[in-house]
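# What the coordinates show
Listed here are the chains, written in short residue letters.
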Amino acid sequence: MQTTTDHSVLPSKFSAGPKGVGDPNDTSLRKVETEVLIPKLMREKAKAEKCVEEVSQFNECCKNSSILMVYKCRNENSTMKTCLGNWYKNEEFKKNCTEEYLKERSEYRRTGSKKPIKRA
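Keep in mind the model is a prediction, meaning the values are calculated, not measured.

Rules used throughout
Residues numbered from 1 in each chain as written. Predicted model: local features only at pLDDT ≥ 70, side-chain atom pairs only at ≥ 80, totals over all residues. Heavy atoms only, no water. Helix = DSSP H or I, 4+ residues; strand = E, 2+ residues; numbered from the N terminus. Contact = heavy atoms within 4.5 Å. Disulfide = S-S within 2.5 Å. Buried < 20%, exposed > 50% of the residue type's maximum accessible area, 1.4 Å probe, protein only. Axes fitted to C-alpha atoms, helices over the stretch in contact; angles between N-to-C directions. Parallel < 35°, antiparallel > 145°, perpendicular 65-115°, else oblique. Left-handed = near helix turned anticlockwise from the far one by under 90°. Nonpolar A, V, L, I, M, F, W, Y, C, P; charged D, E, K, R; others polar. Phe/Tyr/Trp six-rings, centres within 6.5 Å; stacked < 30°, edge-to-face > 60°. Lys NZ or Arg CZ within 6 Å of the ring centre and 35° of its normal. Salt bridge = Lys/Arg side-chain N within 4 Å of Asp/Glu carboxyl O.

Attention now moves to the environment of L102. Positionally, L102 belongs in helix α6 (residues 91–111). Sequence separation of L102 and L29 is 73 residues, and the distance between their C-alpha atoms is 8.6 Å. If we ignore the near neighbours within four places in the chain, the residues touching L102 are T27 and L29.

Quick look at the structure:
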């Protein structure tokens, strides 16, 4: 008598859990998470929550300048990049974004349902 078992090429921590998408309690991070996904979350949060005024001024300048925006909006672009860069280097902000990412990933692994994507 032969029993069937599910085998995966992934380590068990990536294929375990209630939905087979990973252990919800695992807090280890893969390279793609630390180098791509968490920085993306940091950029989105910095634009939406921390540098709202700078992003708004840059967007308004671009709308009003049409094709000459590259030249006319240099100051606004520089101000926005400085603000975003300061938040990107902030270790407390990075830690908070990492915790938020881990919380969302854990919820996905627990329920199997993804968080809805916010479209602007």
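Under the counting rule described, the total for this entry stands at 2 disulfides. A sulfur-sulfur distance of 1.9 Å marks the disulfide that ties C51 to C83. Across the disulfide from C51 to C83, rotation about the S-S bond amounts to roughly -90°, and the bridge is consequently left-handed. Residue C51 is located in the loop between α2 (31–50) and α3 (52–65), and its partner C83 is located in helix α5 (residues 74–89); the two are separated by 32 residues in the primary sequence. Between C61 and C73 runs a disulfide, and the two sulfur atoms are separated by 2.0 Å. Handedness here is read from the sign of the S-S torsion; for C61 and C73, about -95°, the answer is left-handed. Remark: C73 occurs in the loop between α4 (69–72) and α5 and C61 occurs in helix α3; sequence separation between them is 12 residues.

Examined against the element boundaries, R105 turns out to sit in helix α6. For R105, the residues in contact, after removing those within four places along its chain, are D26, T27, S28, L29 and E33.

A few words now on unusual backbone geometry. In this structure, S66 is a non-glycine residue whose phi angle is positive, near 45°. Here S66 lies in the loop between α3 and α4. With relative accessibility at 52%, the residue S66 sits in the exposed group.

What follows is about the packing of α2 against α5. It is the contact of α2 with α5, at a shortest axis distance of 10 Å, that shows an interaxial angle of 130°. Relative to α5, α2 is oriented oblique. Of the two possible hands of crossing, α2 and α5 adopt the one that is right-handed. Residues P39, M42, A46, K47 and K50 of α2 touch α5, and the partners they reach there are C83, L84, W87 and Y88. Here the residues of the contact of α2 with α5 sort into 7 nonpolar, no polar and 2 charged.

The geometry of an aromatic ring pair comes down to the distance between the two centres and the angle between the two planes. What the rule picks out here adds up to 1 aromatic pair. Their ring planes at 65° and their centres at 5.4 Å tell us that W87 and F93 sit as a pair that is edge-to-face. On the accessibility criterion, W87 (26% relative accessible area) is partly exposed. Look at F93 and you get buried, because its relative accessible area is 6%. Above the ring of W87, the side-chain terminus of K50 is found at 4.7 Å from the ring centroid.

Inspection of every chain in the model, using the stated rule, returns 6 salt bridges. A salt bridge links R109 to D26; the nearest nitrogen and oxygen atoms lie 3.8 Å apart. Placement of R109 in helix α6 and of D26 in the loop between α1 (12–15) and α2 is noted, with a sequence separation of 83 residues between them. A relative accessible area of 15% means that D26 is categorised as buried.

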